[in-house]
Every structure is written in structure tokens, then in C-alpha cells.
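# Architecture and fold: a report
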Amino acid sequence: MTARLKALSVHLFTATGAVLSMLAMLAAADEKWSMMLLWLVVALAVDGIDGPLARHYQVKTYWPTYDGVTLDLIIDYLTYVFIPAFALFQSGLLPGWTGWCAIIVITYASALYFVDTRMKTKDNSFAGFPACWNMVVIVFFAITPNFYLMLAIIMVLAGTMFTNLKFIHPVRTERWRWLSLPMALAWVGFAGRAAWVDFAPGEIAHWGLVVTSLYLLLAGVVQELFPERR
């Protein structure tokens, strides 16, 4: 296979995320939450793989007519933001005014974040919470905390999107990658398991989700508190 065809194949692989987002949306419309979240987990796995593939096969050089960054952002907004926000509202996890408040804040703040040219830091981390609402919603479905607590978490995370607080990218942030990448893979496994068993009470995967999510949320802040010694 030529270099151009390999680059095109990466773009085609990325575009499967659009299909996965539609499958997730159809499941959400039927209120099949476990199936919706399984599709979102698969979409997250695709998103985690396509970036390294794009860099390896130099898609900007060998197939520049497709803008992989734009394609990725379109799919990410659907799978990271739009569908998870719909699920929160439609599922009743956030009743009444709390649901309306959550979907307005999530969709509006995330749209602004996605076009912010300062979202990436020098070490390839994110400046502010990177709008990974799919990960947040899966944890909410798994442990179903009080709806006021869920709303408070949403407001805090949305607020950090407009700060310089650091959030790691488990693949591209080099510092602690030996730990961050296994944590991210474990999160995918726990999320898939929790959705597969329809979030059955007492499932150990739920607490695995909590532990790995807390690491992925807080590792960047800890790195800022304890900078590397040169």
C-alpha cells in the first residue's frame, strides 16, 4: 500500500466516528443507555487510536486535501459533548431545571472551548477541562450521585474550561505517560464493562471508573503543583 493510501485509510478510519455517533444517538433516542454508552466507548477508542496513526502515516503530507483536525473536532463534538448532554437530560438523572441548566452549560461552553486556539499546552496537555463529557456521563450513570452534586461537578468542570488549569492527554503528555496510558486503557475497560452489565449495582467496574477518572482529571493539576526538576 502506498503512503497516500495509508494516509487516506487513516482519514477513513477517523470518519467511522461519525457512524458510531449516529448509532449512539439512535440508542439514546430509544433510551437504551447501556448501548449508547457502549457505542461512545468504541468511539473513544477510535479517537485514541487515530491520532497516533495520523502522525505515523503523515496524513498532512500524503493526503492534505482532507483536514483531519476539522474531521476530528466535528466527531468529538458529537461524541464528547452533544450526545452525552442529551443523555443526561433525557435520562432524568438531572430533573427539571437542573437538566436544562446542564445541557445549556455543557453545549455552549464546549462550543467555545473547541474553537479556542489556546486549548493545547506546550507539553501537549490541555488548558482547561477538554470537554470529555462522555467520560463524565458514564461515571454518572455508573454511580448515580445526587443530582445537585452532578450539577455542581458540571459547573466546576465547565468553569475550568476557561482557565489555564492543566489536564493531561494520556497519549501525548510525556510526563507520567507510563502511568497515564494504562490508566486510560483501564478506564475504557471499566466503562465497557459497566455498560455491558447495564450498570448493575455493586459492580466493581464502577469504582474502577471513579479511581481512573479521578487520576485523569487531577494528574495535570498535580504535575503543575510539582513541576519537573530540570
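## What to know about the pattern of salt bridges
- In the structure shown here, the tally under the stated rule is 3 salt bridges.
- A salt bridge links R118 to D116, with the nearest nitrogen and oxygen atoms 3.0 Å apart.
- For R118, a relative accessible area of 62% gives the class exposed.
- Overall, D116 belongs to the partly exposed group, its relative accessible area being 21%.

## Section: empty space enclosed by the protein
- Tallied over the full model, the rule gives 1 cavity of 30 Å³ or more.
- Roughly 60 Å³ of internal volume is contained in the largest cavity.
- Together, T14, G17, A43, V46, D47, D50, D72, I75, D76 and T79 line the largest cavity.
- Among the elements of the structure, α1 (3-29), α2 (33-56) and α4 (68-91) are those that each provide at least two residues to the lining of the largest cavity.
- Of the residues in the lining of the largest cavity, the class split is 3 nonpolar, 3 polar and 4 charged.

## So, the packing of helix α5 (residues 97-114) against helix α7 (residues 147-160)
- The interhelical angle for the contact between α5 and α7, taken along N-to-C directions, is 20°, at an axis separation of 10 Å. Put simply, α5 runs roughly parallel to α7. You can see that α5 and α7 cross each other, and the crossing is left-handed. Residues W97, T98, C101, A102, V105, I106 and A109 of α5 lie in contact with α7, whose contacting residues are F147, Y148, L151, I154, M155 and A158.
- Tallied by class, the residues present in the contact of α5 with α7 amount to 12 nonpolar, 1 polar and no charged.

## Thoughts on the side chain of R175
- Tracing the backbone shows R175 in the loop between β2 (166-167) and α8 (177-196).
- Put simply, R175 is tucked away with no salt bridge, and the nearest opposite charge, on E228, sits 4.4 Å away.

The rules behind these values
Every residue gets a number counted from 1 within its own chain, in the order that chain's sequence is written. A pLDDT threshold of at least 70 governs which residues receive local features in this predicted model, and a stricter bar of 80 or more applies before side-chain atom pairs are shown or counted, although totals over entire chains, interfaces and linings include all residues. As a rule here, side-chain values come from all non-hydrogen atoms in the structure, and water together with hydrogens is ignored. One speaks of a salt bridge when a side-chain nitrogen belonging to Lys or Arg is within 4 Å of a carboxyl oxygen belonging to Asp or Glu. Burial here depends on accessible area, computed with a 1.4 Å probe over protein chains only, as a share of the maximum for the residue type. Under 20% is buried, over 50% is exposed, and the range in between is partly exposed. Here a cavity denotes a set of grid points, spaced 1 Å apart and computed over the protein atoms alone, in which a 1.4 Å probe fits but from which it cannot get out, and a pocket denotes an open set meeting protein on both sides within 12 Å along at least five of seven lines; residues with an atom within 4 Å of a point are reported as lining. Grid points are joined across faces, edges and corners, and a volume is the space filled by probe spheres set on the points. Strands here are runs of E lasting at least two residues and helices are runs of H or I lasting at least four, both read from the DSSP assignment and numbered beginning at the N terminus. Residue polarity is assigned by list, with Asp, Glu, Lys and Arg as charged and Ala, Val, Leu, Ile, Met, Phe, Trp, Tyr, Cys and Pro as nonpolar; anything else, Gly included, falls into the polar class. For helices, the fitted line uses only the C-alpha atoms of the stretch in contact; every axis is such a line through C-alpha atoms, and the angle between N-to-C directions lies from 0 to 180 degrees. With respect to orientation, any angle under 35 degrees is reported as roughly parallel, any angle over 145 as roughly antiparallel, any angle of 65 to 115 as roughly perpendicular, and every other angle as oblique. Crossing handedness: left-handed means the near helix sits turned counterclockwise from the far one by under a right angle, and right-handed means the same turn made clockwise. Any two residues having at least one pair of non-hydrogen atoms within 4.5 Å are treated as being in contact. When charges are tallied, Lys and Arg are placed among the positive residues and Asp and Glu among the negative ones, while His and the ends of the chain are skipped.

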